[in-house]
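Residue-level listing of the chains:
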Amino acid sequence: MSNYCPMTTLPPAAGYKAGDVLVLVGELFGRGYANGLLEEAKRLGMTVLGTTVGRRDSDGTLRPLTAEELAEAEALLDGTIINIPLEAGFDMETPDGVPSIAERLKKAKPDEWEKISFEPDFIEQARAAGQARFTANLQLVMAELEKRIPASSNIILAHTMAGGIPRARFFMPLLNRVFKGSGDKYLASEPFWNSSVGQLCDVSFNEVTADTFKYLIELSAPLRQRAEQAGSKVACTAYGYHGTAILMHGSYQWQSYTPYLQGFAKMRLEEHAATARQQGINATVFNCPEILTNSSALFLGVELSLYPLLTAIQHVAPAQAAPLARRCAELLAEGSSLDSLLETAAGYLTAPLINQALNFAAWPQHSTKEQMELMLLTSARLMEMHRDQKQLVCAELSRLVFRATGRLMVQASWSCTEPALWLNHDTIATLVSDPCGADLLD
Ligand SMILES: NC(=O)c1ccc[n+]([C@@H]2O[C@H](COP(=O)([O-])OP(=O)(O)OC[C@H]3O[C@@H](n4cnc5c(N)ncnc54)[C@H](O)[C@@H]3O)[C@@H](O)[C@H]2O)c1
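In what follows, the accompanying structure is described.

Rules and cut-offs
- Residues numbered from 1 in each chain as written.
- Predicted model: local features only at pLDDT ≥ 70, side-chain atom pairs only at ≥ 80, totals over all residues.
- Heavy atoms only, no water.
- Helix = DSSP H or I, 4+ residues; strand = E, 2+ residues; numbered from the N terminus.
- Buried < 20%, exposed > 50% of the residue type's maximum accessible area, 1.4 Å probe, protein only.
- Contact = heavy atoms within 4.5 Å.
- Areas by Shrake-Rupley, 256 points an atom, 1.4 Å probe, with all protein chains shown as cover.
- Lys, Arg positive; Asp, Glu negative; His and termini not counted.
- Charge placed at Lys NZ, Arg CZ, Asp CG, Glu CD.
- Axes fitted to C-alpha atoms, helices over the stretch in contact; angles between N-to-C directions.
- Left-handed = near helix turned anticlockwise from the far one by under 90°.
- Nonpolar A, V, L, I, M, F, W, Y, C, P; charged D, E, K, R; others polar.
- Core = buried A, V, L, I, M, F, W, Y, C linked by side-chain atoms within 4.5 Å.
- Pairing = 2+ DSSP bridges.
- Near = heavy atom within 4 Å.
- Polar contact = N/O pair within 3.5 Å; in protein donor to acceptor, adjacent residues only side chain to side chain.
- 1 Å grid on protein atoms, 1.4 Å probe; cavity = no way out; pocket = protein on both sides within 12 Å on 5 of 7 lines; lining within 4 Å.
- Sits in = over half its atoms within 2 Å of the grid points.
- Points joined across faces, edges and corners; volume = space filled by probe spheres on them.
- Phe/Tyr/Trp six-rings, centres within 6.5 Å; stacked < 30°, edge-to-face > 60°.
- Lys NZ or Arg CZ within 6 Å of the ring centre and 35° of its normal.

Across its full length, the chain holds 16 helices and 11 strands. With the principal axes as the frame, the chain shows a C-alpha extent of 60 × 55 × 45 Å. The 442 residues of the chain split such that 57% are buried. Within the chain, counting contacts between residues at least 6 apart in sequence, those at least 24 apart form 81% of the total. Carbon and sulfur atoms make up 52% of the accessible area of the chain, which totals about 18500 Å². Across the chain, the mean location of the 37 positive side-chain charges is 3 Å away from that of the 49 negative side-chain charges.

We now examine the packing of helix H11 (residues 318-329) against helix H15 (residues 393-413). Their axes nearest at 8 Å, the elements H11 and H15 cross at an angle of 150°. The two elements H11 and H15 cross, and the hand of that crossing is right-handed. For the pair H11 and H15, contact is made by Leu 324, Arg 327 and Cys 328 and by Val 393, Glu 396, Leu 397 and Leu 400, respectively. Classifying every residue of the contact of H11 with H15 gives 5 nonpolar, no polar and 2 charged.

By size, the foremost hydrophobic cluster in this structure holds 117 residues, and its most contacted members are Phe 171 and Phe 192. Considering every element that reaches this core, the biggest residue donor is H15, with 11 residues. Excluding its chain neighbours within four sequence positions, the residues that come into contact with Phe 171 are Leu 105, Ile 165, Pro 166, Phe 192, Val 197, Leu 200 and Cys 201. In terms of nonpolar packing, the next biggest core, distinct from the first, is built from 34 residues, Val 25, Leu 145, Ile 217 and Ala 283 among them.

Here we come to the sheet that holds strand E5 (residues 80-85). Read across the open sheet, the 7 strands follow the order E5-E2-E1-E6-E7-E10-E11; overall the sheet is parallel. The sheet is open, and its two borders are formed by E5 and strand E11 (420-422), each paired with just one other strand. Taking the axes of each pair of neighbouring strands and ignoring which way they run, one obtains an average angle of 20° across the sheet. Pairing analysis gives 5 bridges linking strand E7 (residues 234-240) to strand E10 (residues 283-287), with the strands arranged parallel. When the bridges of E10 are listed, Gly 240 appears paired with Asn 287.

On to the site of the ligand, then. Residues in contact with the ligand amount to 25 residues; listed here are only the nearest, Glu 27, Tyr 33, Ala 88, Thr 293 and Ser 295. The separation between an oxygen atom of the ligand and a polar side-chain atom of Thr 160 is 3.2 Å. One nitrogen or oxygen atom from the side chain of Thr 293 is found 2.6 Å from an oxygen atom belonging to the ligand. In the complex, 90% of the free accessible area of the ligand, which totals 810 Å², lies under the protein chains. Taking a 2 Å distance to the grid points as the criterion, the majority of the atoms of the ligand fall inside the largest pocket. Counted by class, the shell around the ligand contains 13 nonpolar, 8 polar and 4 charged residues.

What follows deals with the environment of Val 234. Here Val 234 lies in strand E7. The sequence separation of Val 234 and Glu 334 amounts to 100 residues, and the corresponding C-alpha distance is 51 Å. In this view, Val 234 contacts Ile 155, Leu 157, Leu 223, Arg 224, Ala 227 and Asn 282; residues no more than four positions away in its chain are not counted.

There is about 1500 Å³ of room inside the largest pocket. Thr 160, Met 161, Ala 162, Gly 163 and Ser 295 are, among the 49 residues lining the largest pocket, the residues nearest its centre. Elements with a minimum of two residues in the lining of the largest pocket: strand E3 (55-56), helix H5 (171-180), helix H7 (196-219) and E7.

A few words on the environment of Leu 374. Relative to the helices and strands, Leu 374 resides in helix H14 (residues 369-384). You can call Leu 374 partly exposed: its relative accessible area is 26%. Leu 374 sits 83 residues away from Ile 291 along the chain, and the two C-alpha atoms are 19 Å apart. Once you skip the residues sitting within four places of it in the chain, Leu 374 turns out to touch Tyr 348, Ala 351, Leu 353 and Ile 354.

Okay, the environment of Pro 364 next. By secondary structure assignment, the location of Pro 364 is in the loop between helix H13 (352-355) and H14. Sequence-wise, Pro 364 and Tyr 260 are 104 residues apart; in three dimensions their C-alpha atoms are separated by 6.0 Å. Setting aside anything within four residues of it in sequence, one finds Pro 364 in contact with Tyr 260, Gly 263, Phe 264 and Met 267.

With that out of the way, let us pick up the side chain of Arg 407. Turning to its location among the elements, Arg 407 is positioned in helix H15. Exposure remark for Arg 407: the relative accessible area of 3% places this residue in the buried category. Among the polar contacts made by the side chain of Arg 407, one reaches the side chain of Asp 439 at a distance of 2.8 Å. With residues near it in sequence (within four places) discarded, Arg 407 still touches Gly 36, Glu 40, Arg 43, Leu 431, Cys 436, Gly 437, Asp 439 and Leu 440.

Moving on to the packing of aromatic side chains. As enumerated under the stated definition, the model contains 18 aromatic pairs in all. Ring centres of Trp 193 and Phe 264 lie 5.4 Å apart, and the angle between their planes is 15°; on these two criteria the pair is classed as stacked. With Trp 193 in helix H6 (residues 189-194) and Phe 264 in helix H9 (residues 263-278), this residue pair connects regions lying 71 residues apart in the sequence. Residue class for Trp 193 comes out buried when judged on its relative accessible area of 5%. Cluster of aromatic residues (ring-pair linked, three or more members): Phe 179, Tyr 241, Tyr 257, Tyr 260, Phe 299 and Trp 363. Across the ring face of Phe 122, the terminal group of Arg 104 is positioned such that the distance to the ring centre comes to 4.3 Å. The lysine or arginine in question, Lys 233, covers the ring of Trp 414, its NZ or CZ lying 4.5 Å from the ring centre.

Written as structure tokens, this is what we have:
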């Protein structure tokens, strides 16, 4: 496991300029973290190249985007996409013609999850087939990059991938119980994780969330060799999550969302960066705060630790924070105030049941029924304080976080030497109170 290494000072200004290139390794979604990287790269005049996961036809075949899909994706990116499918994982693989994991789980019933098992080697064979497909396509993408990017350009290879829930309907009700279940619906994360289907998720999360970064580091060796000869730089960055320090009772304290089952894969991601660093490769996992995105929608309550970011910014930059606070206050229902919102969130975050259970060394921790129920209840109570539950204070704060972390990551990628860095709420507050980040509050 990585040592806890927060970014405590703002990174020195990076030397990226027009002609340098940001490559997003992972598809861009409207409210996802990668938007922050994109915005920062464009601010610096860099070129942006995107990639796609591809799409599955109804018969399961993985294919590139159609002309129409490509046009839509390039419009969202405002840049060119290398149209080679980079879907990772192995749930649809049929090694030696055996039915895929998705096929096998088609008829599985959620309440029979404990009875499901797989014969030895089956998952490993499927995983190896998925790895072979992904790395072959990634190699093609790397060859395209060599063609399209001059050797003299500096490059950021930005890994954004995370996922790996096998595509079987059976999983959704089950995972909803693990991540959103209270009362009779509560399903403890530990027995789920230790079951055969939990262990399948473990292998799958490792493959999609972590090992794709390892493949990217390995297969980008030719790009680095070229850069070395030309005197340019290649940086590999990835988004991690390993808890976040937030403002509680007047000081910054590390905390995390429970149960974050992807956490095992996120630690493996950090290990890949550490191995690369030992070989002299510039690779860093930036551990980022909890925000609302397509991917985090499954984890109800993950947003609770985001609320105190507003307090943190108000402390360091009271005047500049006023428009942000006003925008947040306008989202609240009649009778609710920002003070009551922030107090409710703080009450949860500092509750002994939640706060005293925190343990960095034992992360990611499994759920308990009492912890889950308090988390879900508080999350729902805070949602109810809004005028419209589709327009949330946390969405406003999420936008600020993905923009701020994008700036920090691009700037730090130029010269940082750590395999894993935590971008905590204090760093974000420092950035937006500094002239080099004040525009992020607009
Ligand atoms: N949302 C959060 O609270 C949070 C916090 C810290 C770190 N992160 C990390 O930020 C990164 C971006 O996530 P996000 O929250 O912005 O959500 P997102 O949904 O916008 O991005 C998820 C990315 O993963 C890719 N992906 C998913 N399944 C894939 C597969 N099978 N093969 C290849 N690619 C696949 C998607 O194409 C997309 O690029 C992830 O690594 C995530 O773990 C998120």
